[in-house]
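# Summary of structural features
Each chain is listed here by its residues.
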2 protein chains.
Amino acid sequence: MSANPQRSTDDGLIAELAAIIGPGAVRRGAELDERYIRNAWGYGNETAQTPRAIVWPRSTGEVSRVLSYCNAIGQTVVPQGGLSGVVGGACATARDVVVSLERMNGIGEIDDESIIVAVEAGATLQAISERLAERRLVFPVDIGSRATATLGGMIASNAGGLNVVKYGMMRQNVLGLEAVLADGTVVGGLGKVLKDNAGYDLKHIFIGSEGTLGIVTRATVRVFDKPQAISTAFVGVACFAGVARLLRRLRQLPLGTLAAYEVMWSSYGQLIREFCTRARIPFPTDCAFYLLIEAHVECDAIERVLAEALESGEAIDAVVAKSERERAALWLVREGSGEGLRKLGSLVTFDISLPLADMPLFVEQASREVAALFPATRSIALAHGADGNLHLIFATGGGSAEERLAIDHLVYRKVKEIAGSISAEHGIGTSKRPYLGYSRSAAEIELMKRLKSTLDPKGILNPGKVLHDVG
Amino acid sequence: MSANPQRSTDDGLIAELAAIIGPGAVRRGAELDERYIRNAWGYGNETAQTPRAIVWPRSTGEVSRVLSYCNAIGQTVVPQGGLSGVVGGACATARDVVVSLERMNGIGEIDDESIIVAVEAGATLQAISERLAERRLVFPVDIGSRATATLGGMIASNAGGLNVVKYGMMRQNVLGLEAVLADGTVVGGLGKVLKDNAGYDLKHIFIGSEGTLGIVTRATVRVFDKPQAISTAFVGVACFAGVARLLRRLRQLPLGTLAAYEVMWSSYGQLIREFCTRARIPFPTDCAFYLLIEAHVECDAIERVLAEALESGEAIDAVVAKSERERAALWLVREGSGEGLRKLGSLVTFDISLPLADMPLFVEQASREVAALFPATRSIALAHGADGNLHLIFATGGGSAEERLAIDHLVYRKVKEIAGSISAEHGIGTSKRPYLGYSRSAAEIELMKRLKSTLDPKGILNPGKVLHDVG
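Residues numbered from 1 in each chain as written. Chains lettered and ligands numbered in written order. Predicted model: local features only at pLDDT ≥ 70, side-chain atom pairs only at ≥ 80, totals over all residues. Heavy atoms only, no water.

### Structural notes on the overall build of chain A
Put simply, the test is: Secondary structure elements follow DSSP: runs of H or I of four or more residues count as helices, runs of E of two or more count as strands, with numbering from the N terminus. Our radius of gyration looks at C-alpha atoms and nothing else; its globule reference is 2.2 Å times the residue count to the power 0.38. Each residue's exposure class comes from its accessible area (1.4 Å probe, protein chains only) as a fraction of the maximum for that residue type: buried when under 20%, exposed when over 50%, partly exposed otherwise. Note on contacts: a residue pair qualifies if any of its non-hydrogen atoms lie within 4.5 Å across the two residues. Areas reported here follow the Shrake-Rupley algorithm with a probe of radius 1.4 Å; residue values treat only the protein chains shown as occluding. Here the positive residues are Lys and Arg and the negative ones are Asp and Glu; neither His nor the chain ends is included. Where a charge sits is defined by one atom per residue type, namely NZ (Lys), CZ (Arg), CG (Asp) or CD (Glu).
Broken down by element type, chain A carries 15 helices and 18 strands. For 471 residues, the compact-globule estimate of 2.2 N^0.38 gives 23 Å, and the C-alpha radius of gyration of chain A, at 23 Å, lies within 12% of that figure. Dimensions of chain A along its principal axes, counting C-alpha atoms only, are 80 × 55 × 45 Å. Residue burial in chain A is summarised as follows: out of 471 residues, 59% are buried. Within chain A, counting contacts between residues at least 6 apart in sequence, those at least 24 apart form 72% of the total. Roughly 17500 Å² of accessible area belongs to chain A as shown, and the carbon and sulfur atoms make up 52% of that amount. The positive charge centre, built from 50 side chains, and the negative charge centre, built from 53, are 1 Å apart in chain A.

Encoded structure:
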């Protein structure tokens, strides 16, 4: 008999799990690498603990058998992809068993005729994109954490990212989806039809539900021909009215060709100039706003729009990439701020939906109010401008839980006032759960809880994520 | 005391309803015009009966009060828009109260900056489109029954139609949605943000659920700039391989510019030539397939593709519209077959999803097998080719319920064999309910029933539609 009763219980659990999916697919939590416990960015790890155990199923059948067992004994389960989420959605507690999908990483048939690809949930976005590139195809959703983010995690969080204006979010691109319910029942499949109104469309229940209603195991996704032309521009703008007007001007381009409209505040530009060694803003002028614009048209089309913007005074300076190398350098400004952010220490980050026109005042007021509480605060703002999605980052120099709470409270209260969304693309996880009621009515949250209880009556699936534990 | 007990019960019900929303908004079923009872096309009316009563609420609050009352007394309710559905989804039985949304037909604010429009559920597609046209905007979903179809019905049935290849179905275009649950609870609202991952996305539960989970009262929908260029072509093709190859060739056009790829079998061409006086095929050659192609590009772009197709022998003949009048004439071939179909008498119609490549064999086999049972049968086929959506129509000259049943059974069995969908865009209603299990697993139907029981525990909302009555 073991001296440690918890240890002895864990031994029993691990033996049972090993009997279900083989000893090579189970490990004790204490033996785990950090990357199974915490997000590497350092956000959303507030509740993260070492889980009881982890299992690595290799098939939908194995996921089903693990869930069936866990459900029977009331063992809570946390589904895990690449742990690149930033709201704690894939973090476990010491009570949980982690179900990692990383060994289910197959990329199946690419149907070239209708351009659909079948993928297992654990395949990373990068692996999928590389496979598609061989056929001159692209995946519609692209996000910064492409090296670790998995298909399953991207579906569970309805990922958005850099090209939503053109292709939509994950929800718009998943054609078929297979999921395992809490009790081990498998529903759905690798459907490829574009139109299917045969009863309730169950896949939309799982997309964006952050693993609380079922575990996504496989999916079919629409992919697209690599664009024939790509034009990328970096633009400096004098005031926010110019940001909105230039987006309007871009409606001259054929519908569906605008692929990215990334807005960076001067605070972001300063971060790049001061703290980032690799990323370089392509002109010396300090601007109130910088834009990274990408459109799937020939360069002359975007140059015509930019010429008008420069002439009218909206734009101060503009550069259009003339090679793939120059394009990569422009994107590095937008994607290469991690180096600078890490130098600022502990960060409090936001992912808010609000009308584009409301952004400048929101950023200004929130920054002022946070600075009033914590005077050393540096605030940095950037946005997916065409999507109405603002990312706001505060570096206070502190990093205490109280400080984070105070800033969260301040910013989310402002989101509530303007009827924005407290989560545009990152989800709720545990980090934003206290504020769900700022964007959703009591009736809506009650309905979410009824759905959770219906699909997962024992509350074993990713407990405490999105909603407080409901049983 | 009335001599007719049913009549006396109805008097009580009508008095109660009148007390809730006013006597001018309630009428006895027996006083109703046919258009509130049966679809004018004559499809999907198998179960239609005169309802007990109809109510016409003018606001979400009135819908809520009516449902709250009906739920309390266990009175079943059938939500009704324009009754243009073809699967019986809006038909009532003698036990039901109809809730007509036709007086909630307001078209609210058009937000020109982000191009979003707020609409009440009873507004017709035509009224919405006309309002948008004043601003050079277009509604993304267009369907043949635009004069009667309402926003609410289009959301409830996740309508698709003629431009799905470009804009997607209703589900892809609804940004915010307000619905009333069975017990009168109002959820959702007129959200305008493009990205919103704050908890489960409840609107997707109501979209496509055919009024069985809640009544949609208002919504915000994305609308689009009128395309700068529209090219419309009518093409004759010698064999189905050419239909698939030409669709592939059209991938040369910029992504997102192809707006319609309508395929008509020779059987459809014969219907037009023999029985339609207004619609005219623009060339005399009899072809195996006709295509109506529309793309939002200048004519020369589509002419280049067609020149290649003619040269390679895929296309036999082709016409490109040179004016809006010519364009309308080409569309009349695709949309003007009603005149001919009515002359054929009673019809059995199908709306099937299957891969484009499987369509010709499916049509040929199904037509042969139906003709073996009913020798006088004429079969007519057309498809939304880019969506994998086949419409198959059988005119047997008979019209008995047994005949319809035999043909349904035969065709849906074939859909099951090829793992297609028994409903691409029309929904299930009552007409296709017996065959839901051909496209959905027992576990999926069980999950649908659990959702229904969760949202509508007394089963008062549109009973018997999509699923057999569940309580």
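There's more to say after this.
### Considerations on helix 3 (residues 125–133) of chain B
Every α-helical turn comprises 3.6 residues, leaving residues that sit three or four positions apart pointing alike. Residue and element names in this part refer to chain B. Rule in force here: What the arc covers is the set of directions going from the helix axis to the C-beta atoms.
Turning to helix 3, its buried residues number three or more, namely L125, I128 and L132. Seen from one end, helix 3 has its buried residues packed into an arc of 65 degrees, which puts them on one side. Tucked into the core, helix 3 has its buried residues touching strand 5 (107–111), strand 6 (116–120), strand 7 (137–138) and helix 4 (151–156).

### Some words on the interface of chain B and chain A
Applicable threshold: Values labelled buried area give the accessible surface lost by two parts on being combined, using a 1.4 Å probe and summing over both. We call two N or O atoms a polar contact when they sit within 3.5 Å, provided that within protein one can donate a hydrogen and the other can accept it, with sequence-adjacent residues counted only if both atoms are side-chain atoms.
Contact residues are listed per partner, giving 74 residues for chain B and 74 residues for chain A. Both sides of the chain B and chain A interface together cover about 5900 Å² of buried area, and 55% of this is carbon and sulfur. The largest per-residue losses of area from chain B upon contact with chain A belong to K195, N197 and Y200 of chain B, which jointly make up 18% of the total buried on that side. Linking chain B to chain A there are 40 residue pairs in polar contact (both at pLDDT 80 or more). By residue number, the principal contributor to the side of chain B that touches chain A is helix 15 (residues 442–455) of chain B, which donates nine residues.

### Some points on the nonpolar core
What counts, and what does not: Nine residue types can take part in a nonpolar core, namely buried Ala, Val, Leu, Ile, Met, Phe, Trp, Tyr and Cys, and a core is a set of them joined through side-chain atoms within 4.5 Å.
Core analysis: the biggest nonpolar cluster contains 189 residues, and F139, Y261 and I293 of chain A together with F139, Y261 and I293 of chain B have the highest contact counts within it. In contact with I293 of chain A, not counting residues within four places along its chain, are S231, T232, A233, V235, L246, L250, L258, A260, Y261, I302 and L306 of chain A.

### A closer look at the sheet that holds strand 3 (residues 77–80) of chain A
Two modes of strand pairing occur in sheets, parallel and antiparallel, and in both the strands are linked by backbone hydrogen bonds. Residues and elements named next belong to chain A. Just so we agree on the cut-off: Paired strands are those between which DSSP finds at least two bridges. A fitted line through C-alpha atoms serves as each axis, taken over the contacting stretch for helices, and the angle formed by two N-to-C directions is quoted from 0 to 180°.
Read across the open sheet, the four strands follow the order 1-2-4-3; overall the sheet is mixed. Two strands close off the open sheet at either side, each with one partner strand: strand 1 (26–28) and strand 3. The sheet shows a mean angle of 20 degrees between the axes of neighbouring strands, taken without regard to direction. As paired strands, strand 3 and strand 4 (residues 97–100) are joined by four bridges and run parallel to one another. When the sheet's bridge partners are listed, P79 is paired in strand 4 with V99.

### Quick notes on the pairing of strand 6 of chain B
All names here are of chain B. Within strand 6, five of the five residues are buried, leaving the element largely enclosed by the surrounding structure. Side chains I116, A118 and E120 project from strand 6 onto one buried face, and the interleaved V117 and V119 project onto a second face that is buried too. In this structure, strand 5 lies alongside strand 6, joined through three bridges in antiparallel fashion. From the neighbouring strand, I107 faces strand 6, where its bridge partner is V119. Where strand 6 meets strand 10 (residues 215–222), five bridges bridge the pair, whose relative direction is antiparallel. From the neighbouring strand, A118 faces strand 10, where its bridge partner is T220.

### Some thoughts on the packing of helix 12 (residues 359–373) of chain A against helix 13 (residues 401–417) of chain A
Residues and elements named next belong to chain A. To keep things clear, this is the line we draw: Throughout this description, any angle smaller than 35 degrees is read as roughly parallel, any larger than 145 degrees as roughly antiparallel, any in the 65 to 115 degree range as roughly perpendicular, and the remainder as oblique. Left-handed is the label given to a crossing in which the near helix is rotated counterclockwise from the far helix by less than a right angle, and right-handed is the label when the rotation is clockwise. Note on residue categories: nonpolar means Ala, Val, Leu, Ile, Met, Phe, Trp, Tyr, Cys or Pro, charged means Asp, Glu, Lys or Arg, and polar means any other residue, Gly included.
For the pair helix 12 and helix 13, the least separation of the axes is 10 Å and the interaxial angle reads 150 degrees. Between helix 12 and helix 13, the angle is such that the two are roughly antiparallel. Handedness of the crossing formed by helix 12 with helix 13: right-handed. Counting all contacts with helix 12, which are made through F362, Q365, A366, E369, V370 and L373, the residues of helix 13 involved are A406, I407, L410, V411, R413, K414 and V415. By residue class, the composition of the contact of helix 12 with helix 13 is nine nonpolar, one polar and three charged.

### Here's the deal with the relation of the copies chain B and chain A
Put simply, the rule reads: Copies are brought into register by a least-squares superposition over C-alpha atoms of residues with pLDDT of at least 70 in both.
Relative to chain A, chain B is turned by 180 degrees and slid 0.0 Å along the rotation axis, the superposed coordinates differing by an RMSD of 0.0 Å. In short, the pair behaves as if placed about a two-fold rotation axis. Taking the C-alpha atom as reference, chain B places G256 of chain B closest to the rotation axis, 2.8 Å from it. A share of 100% of interface residues in chain B that are also interface residues in chain A marks the association as one of identical surfaces.

### Re the side chain of D10 of chain B
All names here are of chain B. Looking at where D10 falls in the secondary structure, it is placed in helix 1 (residues 5–21). Residue classification places D10 among the buried positions, given a relative accessible area of 10%. Among the polar contacts made by the side chain of D10, one reaches the side chain of R52 at a distance of 2.8 Å. Apart from residues lying up to four places away in sequence, D10 is in contact with R28 and R52.

### Observations regarding the packing of aromatic side chains
Residues and elements named next belong to chain A. Rules: Between the rings of Phe, Tyr and Trp (Trp by its six-membered ring), a pair exists once the centres lie within 6.5 Å; its type follows the angle of the planes, with under 30 degrees stacked, over 60 edge-to-face, and the other angles tilted. Only when the NZ of Lys or the CZ of Arg is both within 6 Å of the ring centre and within 35 degrees of the ring normal is a charge said to sit over the ring.
Enumeration according to the criterion identifies 24 aromatic pairs over all chains in this entry. With centroids separated by 5.6 Å and ring planes inclined at 80 degrees, the aromatic side chains of Y36 and W56 adopt a geometry described as edge-to-face. Remark: W56 occurs in the loop between strand 2 (53–55) and helix 2 (60–73) and Y36 occurs in the loop between strand 1 and strand 2; sequence separation between them is 20 residues. For W56, a relative accessible area of 2% corresponds to the buried category. Feature note: the residues F350, F394, Y412, Y435 and Y438 constitute an aromatic cluster, connected by ring pairs. One cation-aromatic arrangement involves K416 over Y438; the distance from NZ or CZ to the ring centre is 5.2 Å.

### A word on the sheet that holds strand 2 (residues 53–55) of chain B
Residue and element names in this part refer to chain B. Strand order in the open sheet formed by four strands is 1-2-4-3, with mixed pairing between adjacent strands. The outermost strands of the open sheet, each flanked by one partner alone, are strand 1 (26–28) and strand 3 (77–80). Taking each pair of neighbouring strands and ignoring which way they run, the sheet shows an average axis angle of 20 degrees.

### Considering unusual backbone geometry
Glycine aside, negative phi is the norm for most residues, and most peptide bonds take the trans geometry. Backbone geometry places E210 of chain A, a non-glycine residue, at a positive phi of 55 degrees. Positive phi values are uncommon outside glycine, yet N462 of chain B reaches one of about 40 degrees. With respect to the helices, strands and loops of the structure, N462 of chain B is situated in the segment after helix 15. The buried category is assigned to N462 of chain B, whose relative accessible area is 1%.

### Some remarks on the side chain of E62 of chain B
All names here are of chain B. We count it as follows: Any carboxyl oxygen of Asp or Glu within 4 Å of a side-chain nitrogen of Lys or Arg constitutes a salt bridge here.
Its place among the elements puts E62 in helix 2 (residues 60–73). No salt bridge is formed by the buried E62; the nearest opposite charge belongs to R65, separated by 4.5 Å. Look past the residues within four positions of E62 in its chain and what remains in contact with it is I21, W56 and P57.

### Focus: the pattern of salt bridges
Considering all chains together, one arrives at 65 salt bridges over all chains under this definition. Across the salt bridge formed by R28 of chain A and D11 of chain A, the nearest N and O atoms sit 2.5 Å from each other. A residue pair is termed long-range when its members are at least 10 positions apart, and R28 of chain A in strand 1 and D11 of chain A in helix 1 (residues 5–21) qualify at 17 residues. Looking at R28 of chain A, the relative accessible area reads 14%, which means it is buried. Given the relative accessible area of 34%, D11 of chain A is considered partly exposed. Note that E364 of chain B and R368 of chain B form a salt bridge whose closest N and O atoms lie 3.0 Å from each other. Within this pair, E364 of chain B and its partner R368 of chain B are both found in helix 12 (residues 359–373), separated by four residues, close to a single helical turn. The partly exposed category is assigned to E364 of chain B, whose relative accessible area is 44%. The class for R368 of chain B is partly exposed, based on a relative accessible area of 49%. Linked by salt bridges that have partners in common, R245, R249, E308 and E314 of chain A make up one network.

### Some details on the confidence of the model for chain A
As a reminder, the rule being used: Residue-level confidence of the predictor, termed pLDDT, takes values from 0 up to 100.
When pLDDT is averaged along chain A, the result is 95, and 98% of the positions lie at 70 or above. Confidence estimates for the predicted assembly give a pTM of 0.96 and an ipTM of 0.95.

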